[in-house]
Amino acid sequence: MIGTRSAADPSRRRVTLVIAVTILALWVASALFGGVLAPFSPSAQLPRLKFADPSAHHLFGTDGFGRDVFSRVIAGARPVLTIAPLAVLLATVTGTVLGLLTGYFGGLTDGVAMKILQSIAILPPLFPAVLAVALLGRSTTVLVVVLGFAFMPIITWTVRSATLVEREKQFVEAARLRGESTAYILGREILPNIAGSIVVESTVRLADAVFSIATLAFIGLGAAPGSPDWGAQVADNRVNLQFAWWTVLFPAVAVASLVISVSLLADVIRERRSA
Amino acid sequence: MSDNELQREWAGELARLARSGAISRREVLRKASVFGLSLPLIGAVLAACGSDDDKTSGSESPTTAGGSNTTAATQSSSSGSATPASTPASTPAGQGGTLAVGALTPSTEVDPVIGYDAASIAIFQLTHEYLIWLNPDFTLRPQLAESWTPEEAGKRWVVSVRKGVTFSDGTPLDADTVKASFDRLLDPDSESAALSAFDGVLEAGGITVKDPSTVVFDLVRPYADFPYLISANTYNTVILPKDYTGPYQDHAIGTGPFVLTSFSATDGAKFSRNETYWDTGKPGLDGVEIKFYKDPQAQVLGLQSGEVDTQVTSIISLLTPVANNPDFTIDQVNGTGVNVFTMRVDQAPFDKKNIRQAVATALDRQAINDTLSNGAAALGNDHLLAPAYPASPTDIPQREIDLDKVKELLAGESVSFKLTFEPPLKDFAVVIQEQLKQADISVELDQRTSDEFYAGDQATDTPWLFTTANLVGWAGRAVPTQFIIPMIKSDGIWNGSKYANPDLDAAADAYDATTDEAEKKKQAKIIAEAMHEDTPVIITDWSASVRPYNSKKWTGISAHPSSFVDFNDVAPV
Amino acid sequence: MGGFLLTLALTSILIFALTNVIPGDVARRILGREASQEQVNAKRIELGLDRSILVQYRSWLGGFLRGDWGTSYTKGEPVRELVLSHLGRSLELGLIAFAVVVPVSLGLGLVAGLRNGTRTDRVITVLGLCGTATPEFVSGVLLLILFSVRLNWLPSSARDEYGLKGLVLPVICLVIVCVGYISRMVRASVVATLERPFVRTARLKGITTSALVRRHVLRNSLVVPVTALGVQLRYLIGGLITVELLFNYAGIGSLLLGAAQEKDLPTLQAATMVTGVVIMLTFVLTDAVYAWLDPRVRVGETR
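Residues numbered from 1 in each chain as written. Chains lettered and ligands numbered in written order. Predicted model: local features only at pLDDT ≥ 70, side-chain atom pairs only at ≥ 80, totals over all residues. Heavy atoms only, no water.

Asker: Please set out the domain arrangement of chain B residue by residue, giving values where relevant.
Answerer: All names here are of chain B. Looking at chain B, the domain boundaries give domain 1 (3-49), domain 2 (87-128 + 242-327 + 551-573), domain 3 (132-239) and domain 4 (334-544). Computed from C-alpha atoms alone, the centre-to-centre distance between domain 3 and domain 4 is 32 Å. Taken together, the contacts link eleven residues of domain 3 with 13 residues of domain 4. In total, about 940 Å² of surface goes out of reach between domain 3 and domain 4, with carbon and sulfur atoms giving 54% of it. Considering only the side of domain 3, the residues that lose the most area to domain 4 are F138, Y223 and N233, jointly responsible for 44% of the buried surface there. Its salt-bridge partner being R221, residue D512 comes within 3.4 Å of it at the nearest N-O pair. (Domains from an automatic or database assignment. Contact = heavy atoms within 4.5 Å. Buried area = accessible area lost by both parts, 1.4 Å probe. Salt bridge = Lys/Arg side-chain N within 4 Å of Asp/Glu carboxyl O.)

What follows is the structure in structure tokens.
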């Protein structure tokens with residue numbers, strides 16, 4: 001009854017990796033080449049063809065405006081895969097810098113910074129996002145900044161913890177004795193060693209970001225009017241689920257599949273490092 | 001009360017016009033209700049008409065509910081005695097049932113004096129009443145006013161207050177109370193938007209009490225359509241107790257068919273039947289429950305799941321699942337609500353007429369109708385004389401999509417502009433953008449929050465009146481000049497296009513000043529043709545108002561062009 | 001704690017500044033677009049919006065600390081009752097969800113861990129993964145249509161009058177995401193514990209599986225959901241906004257959202273402050289629980 005095979009089993013891991021990468025690649029391709037891959041323009045309306053069932057001509061059917069759902073789902077990849085990576089990038093860069101500095105120097109600045117970051121970290125990322133977008137309006141900049149800001153503390157914490165460990169190591173001491181500048185020590189000695197954990201953490205945040213962006217679009221805060229954001233598609237077609245299920249199901253599966261694939265990727269990277 | 005000299009004169013006009021076929025029987029009834037003619041006089045006018053097809057005018061509502069309203073209008077649009085509007089079989093107490101109604105959460109406090117969103121209005125329309133009610137076909141029905149009589153060519157109106165009416169706390173209704181209600185609205189310090197509705201027609205001090213049941217309105221200028229202004233058409237004119245101060249939920253004392261029993265700003269309101277209601281036998285319902293929903297989709301889901309039986313406001317394009325459900329009926333009535341696409345004629349690229357005409361000709365109005373209104377709306381022809389108005393011209397050729405003509409009008413010029421709007425008109429904006437793309441006209445969507453859209457100074461920079469191109473939604477008005485004067489006259493307070501045409505100004509003034517139907521038609525035609533030709537605004541369609549309801553459980557629910565609620569005739573199936 | 005209060009104070013200033021800088025006019029919203037400019041200007045003065053921002057802020061802060069949270073611009077009701085009643089509902093929802101998540105994720109994680117490698121384990125793991133990846137609005141919409149519209153078993157909105165029946169769907173919605181995540185963590189912890197040397201020794205000694213589970217595995221894995229929940233709590237609270245919107249539940253999340261959209265400053269400020277304090281308290285609480293569990297775990301380990 002108690003098995004000894006764990007999920008970290010190499011063959012299992014490989015399968016998971018393949019699935020995750022495939023799904024992710026599909027969405028990235030959609031984001032980059034959506035214009036070419038989509039059979040129709042995501043905004044082209046055919047009012048005579050409202051709520052058409054999925055068919056060979058319209059793989060995912062049409063919505064209430066007669067728009068091709070398949071094309072809209074493909075087009076919806078771009079906004080998400082633009083904002084999410086940018087937000088995570090912002091969080092990673094600022095978080096890494098802050099984490100390195102506080103972890104290395106410690107002392108008062110570290111204490112104060114940690115206190116402040118801690119209080120930001122326990123906020124659900126959605127709250128400041130909702131407030132910011134409701135007050136400042138929906139724009140790529142606002143979303144990137146607010147989500148980046150919400151994810152930064154966790155990355156800072158991770159980097160800081162790792163830096164604390166690295167700081168005590170001999171090669172760091174050696175570099176210091178050699179008279180290397182702080183920037184060198186942080187950038188060339190410590191950073192490469194902790195890069196792995198940063199990558200893992202960032203990937204997890206990426207899944208988080210996709211989740212949050214879709215939710216914001218659903219609430220009505222994230223998406224531009226007419227934009228094929230997946231969350232907005234689900235929100236707009238809620239009432240049609242019973243008789244036009246394709247207008248809701250496909251965008252919903254799109255969100256879930258992207259989040260799953262990124263999470264799986266993070267899982268695999270993490271397991272590979274700890275193996 | 002018998003008709004005075006003036007009324008008999010106007011009745012004669014009506015009869016003459018009807019005989020010559022210039023106006024239909026329906027229009028006769030409507031005008032008669034406005035003039036406050038007595039029942040016998042109306043009968044005489046109709047007899048003079050001869051038989052005429054009721055269904056010629058566009059304001060007919062296609063279902064039985066609309067039909068019953070017509071008969072009610074015939075009976076009661078006059079200055080008869082205190083007979084109730086109709087005598088249905090009264091439902092025994094306890095068997096009337098409670099009607100559950102879905103409404104969108106009001107974004108402001110519910111207040112009869114300043115409230116302006118449909119849910120707030122529906123709430124206080126259940127507990128309070130007007131002097132005159134507005135029927136879905138735009139005829140007027142006496143409510144707290146028994147009759148009204150014009151004098152001095154329509155510069156003075158004498159209103160007879162219904163006798164024997166009491167507020168729900170026992171206070172009797174008298175002329176002083178009516179005067180107090182209107183004084184409250186006309187006070188220059190008043191916060192009510194009704195002040196702007198009376199602008200130029202009635203001012204503070206213009207109301208006097210002749211005797212405990214007669215109120216006299218002395219106007220600034222003769223206005224034949226004045227009864228509309230003191231009717232539900234101006235939704236803040238509910239009659240409140242003399243000493244009313246508010247807030248509404250604590251002081252909901254009214255003369256209406258229901259009494260407020262509980263209120264929550266987040267959940268909704270509950271009402272029970274007013275046992276001392278003046279219209280004996282009504283309402284049949286034991287009570288009403290209004291439930292708030294945060295957004296239109298949730299509202300429809302509530303309807304589908306049976307949580308509510310009907311709605312205050314509805315968006316047609318969301319009702320497809322309900323339309324397919326045999327348990328539900330969707331009552332529909334043509335309205336004069338409209339979404340106006342305004343272009344600033346004093347700014348590029350719209351300072352040239354051919355560009356404006358090009359944009360107008362590039363739109364596929366039928367497709368807009370199909371997509372956004374499931375085909376239920378009436379097509380618009382870029383002027384403010386809706387098909388539902390009796391005086392509207394019917395012979396101006398309908399502008400239709402013609403991409404060749406567009407190219408011709410553009411003459412090689414490339415046009416692009418920013419379209420500004422608030423979230424409720426998002427779908428309309430998206431459709432416009434897509435359609436204009438087909439004509440190589442590029443539109444940038446500029447969605448603002450509702451707050452931002454209406455903020456700023458109304459005289460200098462508020463987005464809804466000053467952006468180059470914008471979309472603004474308007475609730476229906478009973479009289480076309482209520483749109484035309486503020487929106488398109490050169491000095492209009494809500495003139496977003498900055499259109500200034502002295503001929504049109506003169507025609508609008510002339511329209512209001514005359515009671516002669518033929519003259520009204522003539523002036524309306526001048527206005528319509530000017531607007532159609534100069535195209536300061538694009539009007540693609542006139543909204544249909546719909547109200548879905550569970551017809552397996554209830555009868556007597558009908559749609560209303562202004563989304564008003566009148567549940568007096570609702571009964572379980 | 002001090003840092004947190006500082007953040008709260010800064011946030012209140014930020015919100016104040018933003019709502020005043022952003023175009024949008026509360027007075028216009030209250031009176032409607034057809035009111036005249038004079039009427040709107042008079043209303044602004046009545047609301048005290050013509051005073052300088054500093055004066056307004058100081059006035060608000062003084063009142064807030066005294067317990068006078070003002071009146072909602074848009075609902076006209078006293079803010080304190082509004083915020084506290086909404087908070088109460090969210091707490092109710094959150095606590096019920098929490099009470100469901102702990103046993104369910106513990107149970108699923110245990111089963112998956114004990115049956116490590118079997119199909120049961122794989123099914124639970126995959127379902128768990130799907131659960132974490134499914135945003136609340138997706139599961140919510142599906143649940144709504146199935147149980148409310150199609151089957152008519154449950155109401156489509158969670159109003160006070162429906163009581164617990166109305167809370168079933170929102171709770172399931174919130175729970176799906178958390179259970180997915182925590183059960184996977186419990187499973188990992190169980191698997192890790194089972195591979196420990198002392199477990200093998202115990203088996204060799206002949207201790208039955210159930211005794212093993214009771215004495216060692218359970219204790220080790222009990223810690224996990226609680227601490228993980230501390231992290232998940234942020235997501236639970238964040239999920240409240242969506243779930244409350246979807247199911248029309250008058251909780252603090254939807255109050256916040258509405259107040260931000262309506263520029264109802266007094267309500268927005270109070271709701272943000274209160275939410276911040278509650279989140280901070282949950283953080284402190286989970287820290288305390290972890291500390292309480294910690295020494296017991298250590299004792300178990302040395303055996």
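Asker: Explain the sheet that holds strand β4 (residues 145-151) of chain B to me, and be specific about the residues and the numbers.
Answerer: All names here are of chain B. In spatial order, the strands read β4-β5-β7-β6; together these four strands make up an open sheet with antiparallel pairing. The open sheet has two edge strands, β4 and β6 (207-211), and neither has a second partner. Averaged over neighbouring strand pairs, the angle between their axes works out to 25 degrees when direction is ignored. Pairing of strand β5 (residues 156-161) with strand β7 (residues 214-218) involves five bridges; the strand directions are antiparallel. If you follow S160 over to β7, its bridge partner there is T214. Of the strands in this sheet, β4 and β5 are in contact with helix α2 (residues 25-35), which crosses β4 at around 90 degrees. (Pairing = 2+ DSSP bridges. Helix = DSSP H or I, 4+ residues; strand = E, 2+ residues; numbered from the N terminus. Axes fitted to C-alpha atoms, helices over the stretch in contact; angles between N-to-C directions.)

Asker: So what about empty space enclosed by the protein? Which residues, and what values?
Answerer: The probe, sized like a water molecule, is rolled over the atoms to show the empty space still left. Scanning the model with the defined rule gives eight cavities of 30 Å³ or more in all. Roughly 120 Å³ of volume is contained in the largest cavity. Among the secondary structure elements, those contributing two or more residues to the lining of the largest cavity are α8 (182-219) of chain A together with α10 (209-246) of chain C. If you tally residues by element for the lining of the largest cavity, the top one is α10 of chain C, at five residues. Split by residue class, the lining of the largest cavity holds six nonpolar, five polar and two charged. (1 Å grid on protein atoms, 1.4 Å probe; cavity = no way out; pocket = protein on both sides within 12 Å on 5 of 7 lines; lining within 4 Å. Points joined across faces, edges and corners; volume = space filled by probe spheres on them. Nonpolar A, V, L, I, M, F, W, Y, C, P; charged D, E, K, R; others polar.)

Asker: Describe the interface of chain A and chain B, with residues and values.
Answerer: Taken together, the 21 residues of chain A in the interface contact 24 residues of chain B. Counting the surface lost from both chain A and chain B, the interface buries some 1,800 Å², and carbon and sulfur atoms represent 53% of this. If you sort the residues of chain A by the area they bury against chain B, P225, R238 and V239 of chain A come out on top, with a joint share of 32%. Taken together, the connections running from chain A to chain B amount to three salt bridges. Its salt-bridge partner being D295 of chain B, residue R238 of chain A comes within 3.1 Å of it at the nearest N-O pair. One can count six residue pairs in polar contact (both at pLDDT 80 or more) joining chain A with chain B. Residue composition of the side of chain A that touches chain B, grouped by class: eight nonpolar, seven polar and six charged. (Polar contact = N/O pair within 3.5 Å; in protein donor to acceptor, adjacent residues only side chain to side chain.)

Asker: An account of the interface of chain C and chain A is needed here, citing residue identities and associated values.
Answerer: Tallying the contact residues gives 54 residues for chain C and 47 residues for chain A. Between chain C and chain A lies a buried interface of about 4,500 Å² when both sides are counted; carbon and sulfur atoms form 75% of it. Area buried by chain C at its contact with chain A is led by A133, F137 and R234 of chain C, which between them contribute 15% of it. Inspection of the chain C/chain A interface yields one salt bridge. Residues R184 of chain C and D267 of chain A are paired through a salt bridge, measuring 2.3 Å at the closest nitrogen-oxygen approach. Put simply, chain C and chain A have one residue pair in polar contact (both at pLDDT 80 or more) between them. Residue assignment for the side of chain C that touches chain A shows that the elements contributing at least two residues are α1 (2-21), α6 (119-133), α7 (136-150), α8 (164-194), α10, α11 (252-262) and α12 (265-302) of chain C. Per element, the largest residue contribution to the side of chain C that touches chain A is nine residues, and it comes from α10 of chain C. Considering only residue class, the side of chain C that touches chain A consists of 30 nonpolar, 13 polar and eleven charged.

Asker: Kindly report on the pattern of salt bridges, identifying the contributing residues and their values.
Answerer: Residue and element names in this part refer to chain B. Taken as a whole and judged by the stated rule, the model has 52 salt bridges over all chains. A salt bridge links D218 to R156, with the shortest nitrogen-to-oxygen separation between them at 2.8 Å. Placement of D218 in strand β7 and of R156 in strand β5 is noted, with a sequence separation of 62 residues between them. We classify D218 as partly exposed; its relative accessible area is 27%. (Buried < 20%, exposed > 50% of the residue type's maximum accessible area, 1.4 Å probe, protein only.)

Asker: Hey, could you go over the packing of α8 of chain A against α7 of chain C for me, with residue numbers and the actual values?
Answerer: Two numbers describe how α8 of chain A lies on α7 of chain C: the axes approach to 9 Å, and their chain directions differ by 50 degrees. Considering their axes alone, α8 of chain A and α7 of chain C lie oblique with respect to each other. Along its contact with α8 of chain A, which presents F211, A214, T215 and F218 of chain A, the element α7 of chain C presents E136, F137 and V141 of chain C. Considering only residue class, the contact of α8 of chain A with α7 of chain C consists of five nonpolar, one polar and one charged. (Parallel < 35°, antiparallel > 145°, perpendicular 65-115°, else oblique.)

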